[in-house]
Amino acid sequence: MRNELPDFVEAILDGDQGKSFEIVRRLRDKHSRLDIYHSLITPAMYEIGKLWQENRITVADEHLATGVCDFVLSQTEFDLLQKPLSSSKPKAMFFSIEDEWHQLGIKMVSILFKEHGWNVRYLNANLPLDHALNNAKVWKPEVIGMSISLAYRAPDLPEYIEAFNKLPSRPTILIGGRVMSSYDLSSIIPGNTMVMKDLPELNSWLKVKKQNRRDGINAQPNTSSLH
Amino acid sequence: MLNQIPLPYIKINSRFDILHVSDRAKEEFPTVNSFLDIIDRESREKAKKTLERRINNFTLELNLQTKNSPLTLYDVYGHWNGNGEEAHIITVLKDSRMEKVESQLLTLQKRLRNTNFELYEKNEELEESIARNNRLSAPFITLSDRVALVPVYGDLHEEKLLAVQENIYDAVYEGDYEKVLIDFTGVGAIEKDGIHAIKEIFLTLDYMGVTVILIGIQPHHARQMKIYKEELKMTCIHSAQEAIKRFLTGT
Ligand code: B12
């Protein structure tokens with residue numbers, strides 16, 4: 001997929017949805033969603049970040065590139081929407097915390113959950129705690145996943161985690177995002193929360209969950225962190 | 001005079017120490033010694049790289065730390081003097097209207113998405129109940145080891161016939177039937193695609209070695225099915241009683 005990366009970066013910077021999706025569509029014949037998200041779209045957006053660091057593009061270009069990636073992601077989600085939802089599927093909800101607008105990562109996560117047969121609610125970015133909590137109370141998801149990209153937003157995380165931990169439904173809490181892979185936040189994250197650094201790690205977790213479900217083992221919610 | 005210009009102005013030396021700040025800059029930024037200190041950690045390398053080149057005039061987008069917010073995007077304009085010992089810097093806040101639009105866009109997206117969920121879920125429920133309804137409008141009733149009766153109710157369209165089809169195939173596959181009586185007494189209108197689906201049921205059951213007998217065909221049904229009647233060698237019997245009498249006695 002490394003071969004396609006430069007073309008893909010160029011296409012998303014040009015705002016060329018057709019070409020970007022064509023690249024992804026062709027790759028989809030041979031590659032999983034996980035592969036494409038992890039080895040094409042994520043590196044492409046990191047490359048966009050690098051171009052900004054090199055003063056070669058502006059934030060306006062980042063907006064455009066994000067928009068195109070968002071579109072492409074929605075396209076890769078499309079065939080999953082055709083499968084019927086069923087109430088027996090486990091539920092998971094996802095969002096980025098308040099004042100955090102970066103949302104591509106958590107969108108990928110939500111699609112992968114769907115792919116693994118979960119009933120998914122994706123609540124976008126910039127979600128205040130009370131909204132998130134209301135949703136969790138009413139819908140009772142088994143998993144709540146959050147994403148955080150801005151370092152200065154990290155101090156708000158424990159508040160979210162504590163609130164979810166108090167729910168009688170005892171959801172498993174997953175946290176990921178750029179901040180989690182590039183800063184050490186272990187001091188502010190309680191031990192019963194799962195911190196994940198990337199999508200392959202998430203994928204392994206999803207597989208174990210699925211196997212456990214098949215074997216009839218209902219994994220204890222709030223198992224300890226993988227780190 | 002520089003103190004009064006309506007934009008934050010900062011003068012730095014070659015080590016990026018701050019030599020002077022205008023009134024406006026004092027209002028906007030915290031008091032620090034090095035210009036690098038008001039630059040976000042993850043914009044610092046970018047800033048340094050350009051500053052170190054000491055090109056005459058430069059423009060940069062940087063995230064700066066202000067008194068009000070830990071992270072704000074600015075356009076930073078700079079000019080190094082001839083020997084590269086001092087630089088004059090002006091910072092221009094990136095249009096905050098863009099931020100507003102961005103956050104409104106997010107809210108809209110969110111609303112659309114939630115509406116989608118609800119519609120999607122309602123749609124799912126509806127589809128499930130239609131499918132259930134379709135399956136229930138053609139129960140498969142075993143009359144004997146060899147004969148079964150399928151009374152069909154309501155209007156016939158392709159989707160309903162698909163459900164009916166599934167019901168019949170599943171049951172026939174498991175059992176050892178010779179004849180399946182399909183009772184049309186309760187059928188209203190048959191849509192065009194419905195006729196086609198009926199033909200398919202006929203052919204498939206024929207392959208499975210099962211004879212299909214139609215019961216209770218009304219005149220308008222017969223007219224519609226005429227084109228296939230010959231081709232499929234359909235057997236029609238007027239009423240269910242008669243059919244049951246004929247096929248159950250003697251089996
Ligand atoms: C695109 C982008 C934007 C877009 C975002 C659009 C959108 N709706 O998503 C726009 C232009 C709006 C934007 C705005 C801003 N941005 Co910005 N942005 C970026 C950029 C270039 C790429 C981000 C991205 O999409 N990455 C791709 C995704 C897929 O990667 P990811 O988020 O890391 O997710 C992966 C993993 O972390 C993991 N993951 C993520 N979440 C989760 C959750 C779970 C549960 C799991 C299991 C895994 C997981 O899986 C993902 C897939 O591989 C980065 C640069 C960079 N190096 O990251 C800057 C960056 C993140 N932005 C930055 C900043 C400062 C901002 C702004 C404050 C100002 C600005 N414009 O520059 C505003 C902030 C607005 C706000 N309040 O949030 C800084 C942050 C610096 C810091 N100190 O924290 C960065 C690092 C750029 C920089 N070097 O300065 N940005």
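The model shown is predicted, which means the values in this text are computed figures rather than measured ones.

Rules behind the numbers
Residues numbered from 1 in each chain as written. Chains lettered and ligands numbered in written order. Predicted model: local features only at pLDDT ≥ 70, side-chain atom pairs only at ≥ 80, totals over all residues. Heavy atoms only, no water. Domains from an automatic or database assignment. Core = buried A, V, L, I, M, F, W, Y, C linked by side-chain atoms within 4.5 Å. Buried < 20%, exposed > 50% of the residue type's maximum accessible area, 1.4 Å probe, protein only. Helix = DSSP H or I, 4+ residues; strand = E, 2+ residues; numbered from the N terminus. Contact = heavy atoms within 4.5 Å. Donors = N, O, S within 2.8 Å, 3.2 Å for Na, K, Ca; no water. Patch = residues over 30% accessible without salt bridge, like charges linked within 9 Å, V, L, I, M, F, W, Y side chains within 5 Å. Areas by Shrake-Rupley, 256 points an atom, 1.4 Å probe, with all protein chains shown as cover. Salt bridge = Lys/Arg side-chain N within 4 Å of Asp/Glu carboxyl O. Lys, Arg positive; Asp, Glu negative; His and termini not counted. Charge placed at Lys NZ, Arg CZ, Asp CG, Glu CD. Phe/Tyr/Trp six-rings, centres within 6.5 Å; stacked < 30°, edge-to-face > 60°. Lys NZ or Arg CZ within 6 Å of the ring centre and 35° of its normal. Pairing = 2+ DSSP bridges. Axes fitted to C-alpha atoms, helices over the stretch in contact; angles between N-to-C directions.

Colleague: Help me get a handle on the domain arrangement of chain B, residues and values and all.
Modeller: What the domain assignment lists for chain B is domain 1 (2-93), domain 2 (97-134) and domain 3 (139-249). Computed over C-alpha atoms only, the centres of domain 1 of chain B and domain 3 of chain B are separated by 84 Å.

Colleague: Any details on the nonpolar core? Residues and values, ideally.
Modeller: Residues Phe8(A), Ile12(A), Tyr37(A), Ile41(A), Phe113(A), Leu202(A) and Trp205(A) are the most contacted members of the largest nonpolar core, which totals 47 residues. Elements represented by at least two residues in this core include exactly helix 1 (5-13), helix 2 (17-28), helix 3 (33-53), helix 4 (59-81), strand 1 (91-96), helix 5 (104-115), strand 2 (119-122) and helix 9 (199-214) of chain A. A per-element tally of this core places helix 3 of chain A first, with ten residues. Split by domain, the residues of this core number at least three in each of domain 1 (2-76) and domain 2 (84-214) of chain A. What Trp205(A) contacts, discounting residues up to four positions off in sequence, is Phe113(A), Val143(A), Thr172(A), Leu174(A), Met194(A) and Met196(A). Formed by 32 residues, the second largest nonpolar core is a distinct cluster that contains Val164(B), Leu205(B), Met225(B) and Tyr228(B).

Colleague: An account of the coordination of the cobalt atom of the ligand is needed here, citing residue identities and associated values.
Modeller: In a perfect tetrahedron of four donors around a metal, the angles come out at 109.5 degrees. In a perfect octahedron of six, they are 90 or 180 degrees. Among all protein atoms, only His102(A) (NE2) binds the cobalt atom of the ligand, sitting 2.3 Å from it. Topologically, His102(A) is positioned in the loop between strand 1 and helix 5.

Colleague: Before we move on, can you summarise a negative patch on the surface with the specific residues and values?
Modeller: Residue and element names in this part refer to chain B. On the surface, a cluster of negative charge is contributed by Glu 125, Glu 127, Glu 128, Asp 155, Glu 158, Glu 159, Glu 191, Asp 193 and Glu 200. Put simply, the parts of the chain that give the negative patch at least two residues each are helix 3 (96-136), helix 4 (158-174) and helix 5 (192-207). With three residues, the top contributor of residues to the negative patch is helix 3. Mapping Asp 193 onto the fold places it in helix 5. Assessed through its relative accessible area of 32%, Asp 193 is described here as partly exposed.

Colleague: Give me the environment of Asp176(B): which residues, what numbers.
Modeller: All names here are of chain B. Locating Asp 176 in the fold gives a position in the loop between helix 4 and strand 8 (179-190). When the C-alpha atoms of Asp 176 and Val 210 are compared, they prove to be 9.0 Å apart, with 34 residues separating the residues in sequence. Those residues in contact with Asp 176 that lie beyond four places of it in its chain are Asp 145 and Arg 146.

Colleague: Go over the packing of aromatic side chains with me, naming the residues and quoting the values.
Modeller: Applying the stated criterion across every chain, the model contains eight aromatic pairs over all chains. Measuring from ring centre to ring centre gives 5.0 Å for Phe113(A) and Trp118(A), while their planes differ by 75°; the resulting arrangement is edge-to-face. For Phe113(A), a relative accessible area of 0% puts it in the buried group. For the ring pair Phe29(B) and Tyr74(B), a centre distance of 5.5 Å and an interplane angle of 50° mean the geometry is tilted. Taken together, the positions of Phe29(B) in the loop between helix 1 (23-28) and helix 2 (41-53) and Tyr74(B) in strand 4 (residues 72-80) put the pair 45 residues apart, joining distant regions of the chain. For Tyr74(B), a relative accessible area of 1% corresponds to the buried category. These aromatic residues form a ring-pair network of at least three members: Phe94(A), Phe113(A), Trp118(A) and Trp205(A). The cationic tip of Arg213(A) hangs over the ring face of Trp118(A); the distance from NZ or CZ to the ring centre is 5.5 Å. Across the ring face of Trp80(B), the terminal group of Arg54(B) is positioned such that the distance to the ring centre comes to 4.9 Å.

Colleague: Talk me through the environment of Asp70(A); I want residue IDs and the actual numbers.
Modeller: Checked against the element boundaries, Asp70(A) lands in helix 4. Distance from Asp70(A) to Arg56(A), taken between C-alpha atoms, is 22 Å for residues 14 residues apart in sequence.

Colleague: Any details on the pattern of salt bridges? Residues and values, ideally.
Modeller: Pairs may arise between side chains of opposite charge once their charged atoms sit close together. Enumeration according to the criterion identifies 21 salt bridges over all chains in this entry. A salt bridge links Arg25(A) to Glu22(A), with the nearest nitrogen and oxygen atoms 2.9 Å apart. Placement of both Arg25(A) and Glu22(A) in helix 2 is noted, with a separation of three residues, approximately one turn of the helix. Arg24(B) is paired through a salt bridge with Glu28(B); the nearest N and O atoms lie 3.5 Å apart. Here Arg24(B) pairs with Glu28(B), and both are found in helix 1, just four residues apart, close to one helical turn.

Colleague: Account for the sheet that holds strand 10 (residues 235-237) of chain B, naming residues and giving values.
Modeller: Residue and element names in this part refer to chain B. What the five strands build is an open sheet, ordered 6-7-8-9-10; its pairing is mixed. Among the strands making up the open sheet, the edge pair consists of strand 6 (141-142) and strand 10. Helix 5 rests against strand 7 (147-156), strand 8 and strand 9 (211-215) of the sheet, and its axis sits at about 180° to strand 8. Sheet contacts for helix 6 (residues 219-232): strand 8, strand 9 and strand 10; angle to strand 8, the most-contacted strand, approximately 125°.

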